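This is what each chain is made of:
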Amino acid sequence: AQSVTQLDSQVPVFEEAPVELRCNYSSSVSVYLFWYVQYPNQGLQLLLKYLSGSTLVKGINGFEAEFNKSQTSFHLRKPSVHISDTAEYFCAVSEKAGGSNYKLTFGKGTLLTVNP
Amino acid sequence: DAGVTQSPTHLIKTRGQHVTLRCSPISGHKSVSWYQQVLGQGPQFIFQYYEKEERGRGNFPDRFSARQFPNYSSELNVNALLLGDSALYLCASSFWGYTEAFFGQGTRLTVV
């Protein structure tokens, strides 16, 4: 079974500073990786995904992530954060749950707090 | 277009009671999955349904059950509620065989 480790439970940064949220996963033959964002009292919104191809993936709201197979990592980055980026961020890996379907295995989340 | 909708948004139940949570997938999506998110943790996979059949099950006790209807909507049922069942229950829908899932806003269940 897959596993996901988010190395930081909380990341405080100042507005307009760069940020990196770290994610490592257990290795597998085929890896599909995702970052989701969860605002308070909300569901999960997909930020970006890696399915295949270019290892640098761009998502919504100026976020990007780099898939590194040798280091089994999928770190999320943003060059300049805004107050509105304050939220919980979850890294997830997709694996087969039986037949042709997939299930997501999530990390424990990283709380990004952007301070003025 | 409507996203994944879940009802109710919040509810409070007493230990030992039963609860039913509902989910309507995005139009065209035939696969529905359920996840439990305990406070301070990432979501954990409970069930996946496709064409009214269970296609995947996580490590949850038999008190948890689900079903999918001909219109692809789904219900999650939990019997004999425990305090530890207090969580945000998330429903996700997807096309069958696709890895990308779209989540609803969740149902916040509090067991007292």
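Heads up: the structure comes first, above all this text.
For every chain, the first residue of the written sequence is number 1, and numbering continues from 1 onward in sequence order. Written order decides the labels, with chains lettered from A and ligands numbered from 1. Reporting of local features is limited, given that this is a predicted model, to residues whose pLDDT is at least 70; pairs of side-chain atoms are given and counted only at 80 or more, and all residues count toward the totals for whole chains, interfaces and linings. Hydrogens and water are ignored here; the side-chain numbers use all heavy atoms of the structure.

1. Here's the deal with the interface of chain A and chain B
Part 1 of the argument: Here, two residues are considered to be in contact whenever any of their heavy atoms come within 4.5 Å of each other. Taken together, the contact between chain A and chain B spans 22 residues of the former and 21 residues of the latter.
Part 2 of the argument: Accessible area, probed at 1.4 Å, shrinks when two parts are joined; the buried area is that loss added up over both. Buried area between chain A and chain B, both sides added, is near 1,800 Å², and the carbon and sulfur share of it is 52%.
Part 3 of the argument: It is Leu44, Asn101 and Tyr102 of chain A that lose the most area in chain A upon contact with chain B, and together they represent 25% of the buried surface on that side.
Part 4 of the argument: When a carboxyl oxygen of Asp or Glu is within 4 Å of a side-chain nitrogen of Lys or Arg, the pair counts as a salt bridge. At the boundary of chain A with chain B, the tally comes to one salt bridge.
Part 5 of the argument: Of all elements in the fold, only strand E5 (32-38), strand E6 (45-50), strand E10 (87-98) and strand E11 (101-106) of chain A reach the threshold of two or more residues within the side of chain A that touches chain B. Segments assigned H or I by DSSP are reported as helices when at least four residues long, segments assigned E as strands when at least two residues long, and all are numbered from the N terminus.

2. As for the side chain of Gln6 of chain B
All names here are of chain B.
Part 1 of the argument: With respect to the helices and strands, the residue Gln6 is situated in strand E1 (residues 5-7).
Part 2 of the argument: At a separation of 3.0 Å, a polar atom in the side chain of Gln6 contacts the main-chain amide nitrogen of Cys91.
Part 3 of the argument: As used in this structure description, the phrase polar contact means that two N or O atoms lie within 3.5 Å; if the pair is within protein, one of them must be able to donate a hydrogen and the other to accept it, and residues adjacent in sequence are counted only when both atoms belong to side chains. Of note is the side chain of Gln6, whose polar atom sits 3.0 Å from the backbone nitrogen of Gly106.
Part 4 of the argument: Residues contacting Gln6, with those up to four places away along its chain left out, are Arg22, Cys23, Trp34, Tyr89, Leu90, Cys91, Gly104, Gln105, Gly106 and Thr107.

3. Brief notes about the pattern of salt bridges
Part 1 of the argument: A complete count under the given rule lists 12 salt bridges over all chains for this structure.
Part 2 of the argument: Across the salt bridge formed by Asp85 of chain A and Lys78 of chain A, the nearest N and O atoms sit 2.8 Å from each other.
Part 3 of the argument: Note on exposure labels: buried denotes an accessible area under 20% of the residue type's maximum, exposed denotes more than 50%, and partly exposed covers the range between, all computed with a 1.4 Å probe on protein chains only. Accessibility expressed as a relative area gives 7% for Lys78 of chain A, which makes it buried.
Part 4 of the argument: The partner of Glu75 of chain B in a salt bridge is Arg22 of chain B, with the nearest N and O atoms 3.5 Å apart. You can see Glu75 of chain B sitting in strand E8 (residues 74-78) and its partner Arg22 of chain B sitting in strand E3 (residues 19-24), a full 53 residues away along the chain.
Part 5 of the argument: For Glu75 of chain B, a relative accessible area of 10% puts it in the buried group.
Part 6 of the argument: Overlapping salt bridges bring together Glu20, Glu66 and Arg77 of chain A as one network.

What is shown is where atoms sit, not what they do.
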